[in-house]
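# Summary of the model geometry
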Amino acid sequence: MNQVFSALENSKATSSDNQDESSSAKDKLLKDELAEIIHQAVRDNRSYLMEHETKEILEGIGIATTGFLVARSEDEALALSEKIGFPVVLKIVSPDVVHKTDAGGVKLNLTCAEDTRKAYHEIIETFKYQHIEGVTIQKMAKPGIEAIIGVTRDPSFGPIIMFGLGGVFVEVLRDVSFRILPITEKDASEMIAEIRGAAILNGYRGHAVDLESLGQLLLKISQLVMENREIRELDLNPLLLYPDGYVTVDARMFVSEPSTGENITSTGRESLRDFFYPKSIAVIGASDVKGKLGYNVFWNLINHDFPGRLYPINPGKDSIKGIKAYKSILDVQEPVDMAVIIVPAKAVEAAIADCCMKGVKYVVVEAAGFAESGEEGKQAQEKIEKIIRDHSCRVLGPNCSGVINTHHNMVQSIGLLGDLKKGNVGMVAQAGVYAAGILTGLSNVLDFGIVATIGNKMDINETDILEYLSDDDHISVIVMYMEDIRSGKRFMDVASRAAIRKPVIILKSGRTEAGKKAVSSHTASLAGNDEINSAAFKQSGIIRARDNEHLFALTRAFSKQPVPKGNGVLVITYTGSLGVAATDMLYLSDMRLSTLEPYFQKRLKNVLPDYTSIGNPIDCSFSMSPQQVKDLIEIGLESNDVHSFIVVIQGEMLSSFVDVMKNIDYKEKPVVCCVACKEFMIDDVVKMEQAGFPVYSTAEMAAEVLSEMYHYSVRRQSAIADSIARHLTRDSLSVDNMPVRLRLINPKDIGLWTDFVNGCSQKSLWLRFLSPFSATPERAQRFCNLNPEEEIAVVAEMKDGDQYKFLGIARLIKNKRCEGEAEYAIIISDPWQNKSLGITLSEQCIELAKKEGYKTIRAETLQENYAMIRIFRRCDFGFDGKDESMVSMSLKLS
Ligand code: ADP
Ligand code: MG
């Protein structure tokens, strides 16, 4: 292949061509001729692509580089330097030289023919004992901010991307961010914002670098690597960032045969519903000898009133605890849904074979002595794996403590467990002992629904359980205690979907760097396991807990309280210092104190002693009483700026608060409490917790928990909005031959919305809102910041200079009283009325409503609103009825 290319013509990527390309993302990014460079290298058993080859590929997908012309003689080097124009850079081209500068293979800033000649000779001399293909001649890039982008592969998560600033930032500070590929636009901008050096990119006056083209660059790299599975590692190092665009100065790539085994997205297996709700259980190894594990398991099932049939299997007994026992599971006449095996390791294989023969669908192996205990155990585990693979039998364990499902009165734990209340927390724990130990203590303050211990996870793993828990309606919070995560890709796929439905909180141990693999690229050496896990959790919307205490602090709040609908917090305290502590943490975690409007302050004054000054935090001083706190909360509930409460209570008075606090209608606004040194008043704390109020020993933890809850709900709503937006048409629409774009409204649209309303005539506004209407900041908030589960607004917008402007807005509002029904309303700005925009927008909304599962759309409008009635008729709405002024119409979907 001819390696001299005239690439300099297109060596500058602008953000506008980037956009054009991402819109045709369906097409393969890399043309076949260039992909051939990679394939050829793999066929030739070469794993390393040199700078000029890598740059050629990058240029091929529109990434700007300093060029890659190769000269093979002194004359050619001179000619090319002249052609490119001084100053130029010369670099060694050799498959044996990976780090060119270290070896003396980079000559910078050559300003004349004489420099080039000298540099050429020096390079040839330095590398005379190596295989030299030539030298690259490239333009000397102008100074910019140095950055690095890299890609490497993780055995569990597949390809991952890294971004950081160059030089000391990456070398010394390791200031880099990671994401699992592929990434979205949002991931790209988050990973740029996440590095500590982000301030340097933002600059102090306007943007120091072109963040948009940098984001597009990350997306292109993502697509390139996803489409070409031979790319194992890729480094763009360095990359120079400018206020307009960027340029890649050096690049290299490592390739290999695509590995199999990663990118598993789904097992495609059926739901584990019957696994968590079996109708009958055989306990193989059930015993009536106290102290034996087989005794404990059977005792737990009986004492928690397991509602289905139980079959103790024990060759030496006729009955156990009054229930008929069997010598073998094969002696049981009726079908058996599930078997729990708690026999010595060497007897497990035969027991599993029996279960398979009997046609048992689910087996829980609580017995230990397998892969966790050395080579012999590993082989034993492989044997049972082989047996189940030949049958459609699914296994939990071995080396686990079974499953608890309080909603099915099923407790299979190895340790004896007392009464458990039915709760909404679902937990996955790798270690059985951990789950049991925690349960005993926590059952005082937290009610579990399902607890599954997965042990060696030979078959059923954390992801399978997570997937099920996200489906179970009894569960509203999912907690995971994990040591390792296998098939990371599938985990992320399942976790992202689960996190949209309910909060998923994870405590992942093993944050250390142990187990790092031998790596060749810079990126790979920076990508520790923990960084990758963190990136994966972030991308999937999972909340990562720091430690046990944090894990259960969060879990208690999510389990007992609704999530805040905004970030305004009212802090009620008896001591100023804890109020300050709460305030600091609120602001550090992106929350804020609610504003106390004047009328609100006046009402507060009536409740508080004269000597207290009114402000947020409200400091009631040591005279704080339960009634006073109740009054303050009730006043706070009426403020639109109060979205949640922190109440700091004196420990010695806590018990007097329980009943009063229980009897408040909180109108879906969350409350968390802080009791300093709560561990010394544990009885009252437990009472408070049981009444539904999480109690923390520090004000900081209380603030942090509210922040996690609020940010979880923001992420969740935006993920829901994203999935709805995917149902909107991507076809280009036009009205009056002008291109019009449809999208969902979002909280950043306050300015555009306000301009739109201000631009509408009073008559149009009256017809839409049935009363005089103007754009106030509160209304702008209310109309742009929507809960997508309750209301969606689709805007039609058009480019106006380099900005967009709204032409019309249509809303679908879920009717809470009537399942499957949405109310529909639309407004078009005056100059765009009667131009088919109303119909186009309505048709799109009707399609969207169908995809969202609505059965009926209803609309009401003034009788004199002929234009609107015409739109509804055109969209096949039927007439439902009218009164003196209004007409109601509806459309059945399906
Ligand atoms: P290597 O990483 O193999 O040592 P590079 O190609 O990255 O070699 O070159 C080393 C350094 O020289 C770069 O980090 C950059 O600072 C500088 N450099 C290399 N090529 C150019 C260029 N075309 N324009 C400006 N500076 C360059
Ligand atoms: Mg380099």
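For the structure, see preceding data.
Residues numbered from 1 in each chain as written. Chains lettered and ligands numbered in written order. Predicted model: local features only at pLDDT ≥ 70, side-chain atom pairs only at ≥ 80, totals over all residues. Heavy atoms only, no water.

Right, let's talk about the nonpolar core for a bit. Where a protein is soluble and globular, its nonpolar side chains tend to be buried together. Phe 448, Ile 572, Ile 633, Ile 646, Met 661 and Met 688 are the most contacted members of the largest nonpolar core, which totals 83 residues. Ranked by residues supplied to this core, first place goes to helix 25 (residues 699-725) with 9 residues. Beyond its immediate stretch of four places on either side in the chain, Met 688 contacts Ile 649, Leu 654, Phe 657, Val 658, Met 661, Cys 673, Phe 693 and Val 695. Core analysis: the second largest hydrophobic core is formed by 58 residues, Phe 178, Leu 310, Ile 460 and Met 492 among them. (Core = buried A, V, L, I, M, F, W, Y, C linked by side-chain atoms within 4.5 Å. Buried < 20%, exposed > 50% of the residue type's maximum accessible area, 1.4 Å probe, protein only. Helix = DSSP H or I, 4+ residues; strand = E, 2+ residues; numbered from the N terminus. Contact = heavy atoms within 4.5 Å.)

For the rest of this paragraph, the subject is the packing of helix 7 (residues 185-194) against helix 9 (residues 211-227). Relative to each other, helix 7 and helix 9 sit at 120°, their axes nearing to 9 Å. Relative to helix 9, the element helix 7 is oriented oblique. Helix 9 is crossed by helix 7, and the crossing has right-handed handedness. Seen from helix 7, the contacting residues are Glu 185, Ala 188, Met 191 and Ile 192; seen from helix 9, they are Leu 211, Leu 214, Gly 215, Leu 218 and Leu 219. (Axes fitted to C-alpha atoms, helices over the stretch in contact; angles between N-to-C directions. Parallel < 35°, antiparallel > 145°, perpendicular 65-115°, else oblique. Left-handed = near helix turned anticlockwise from the far one by under 90°.)

In this section: a negative patch on the surface. A contiguous patch of negative charge, built from Glu 823, Glu 860, Asp 883 and Glu 884, is present on the exposed surface. Residue position: Glu 823 is located in strand 36 (residues 821-828). The exposure class assigned to Glu 823 is partly exposed, which follows from its relative accessible area of 37%. (Patch = residues over 30% accessible without salt bridge, like charges linked within 9 Å, V, L, I, M, F, W, Y side chains within 5 Å. Areas by Shrake-Rupley, 256 points an atom, 1.4 Å probe, with all protein chains shown as cover. Salt bridge = Lys/Arg side-chain N within 4 Å of Asp/Glu carboxyl O. Lys, Arg positive; Asp, Glu negative; His and termini not counted. Charge placed at Lys NZ, Arg CZ, Asp CG, Glu CD.)

In this section: the coordination of the magnesium ion (ligand 2). The magnesium ion (ligand 2) binds to the protein through Asn 237 (O) and Asp 250 (OD), with metal-donor distances spanning 2.3 Å. Taken together, the positions of Asn 237 in strand 9 (residues 231-241) and Asp 250 in the loop between strand 10 (246-248) and strand 11 (251-255) put the pair 13 residues apart, joining distant regions of the chain. For Asn 237, a relative accessible area of 21% puts it in the partly exposed group. (Donors = N, O, S within 2.8 Å, 3.2 Å for Na, K, Ca; no water.)

Let's shift gears to helix 15 (residues 462-471). Taken across its 10 residues, helix 15 has 8 buried, putting it largely inside the fold. Within helix 15, burial applies to Glu 462, Thr 463, Asp 464, Ile 465, Leu 466, Tyr 468, Leu 469 and Ser 470. For helix 15, the N-terminal capping position is held by Asn 461, with its side-chain oxygen 3.0 Å away from the main-chain nitrogen of Thr 463. (Polar contact = N/O pair within 3.5 Å; in protein donor to acceptor, adjacent residues only side chain to side chain.)

Judged by pairing direction, the sheet is parallel, and its 5 strands sit side by side in the order 13-12-16-17-18 without closing on themselves. Strands with a single pairing partner mark the edges of an open sheet, and in this sheet they are strand 13 (309-313) and strand 18 (394-396). Geometrically, the sheet is characterised by an average inter-axis angle of 20° between neighbouring strands, direction not taken into account. For strand 12 (residues 280-284) and strand 16 (residues 338-341), the ladder comprises 4 bridges, and the chain directions are parallel. Residue pairing for strand 16: Ile 284 is matched across the bridge by Ile 341. Where helix 12 (residues 345-358) meets the sheet, its contacts fall on strand 12, strand 16 and strand 17 (362-365), and the angle it forms with strand 16 comes to roughly 175°. (Pairing = 2+ DSSP bridges.)

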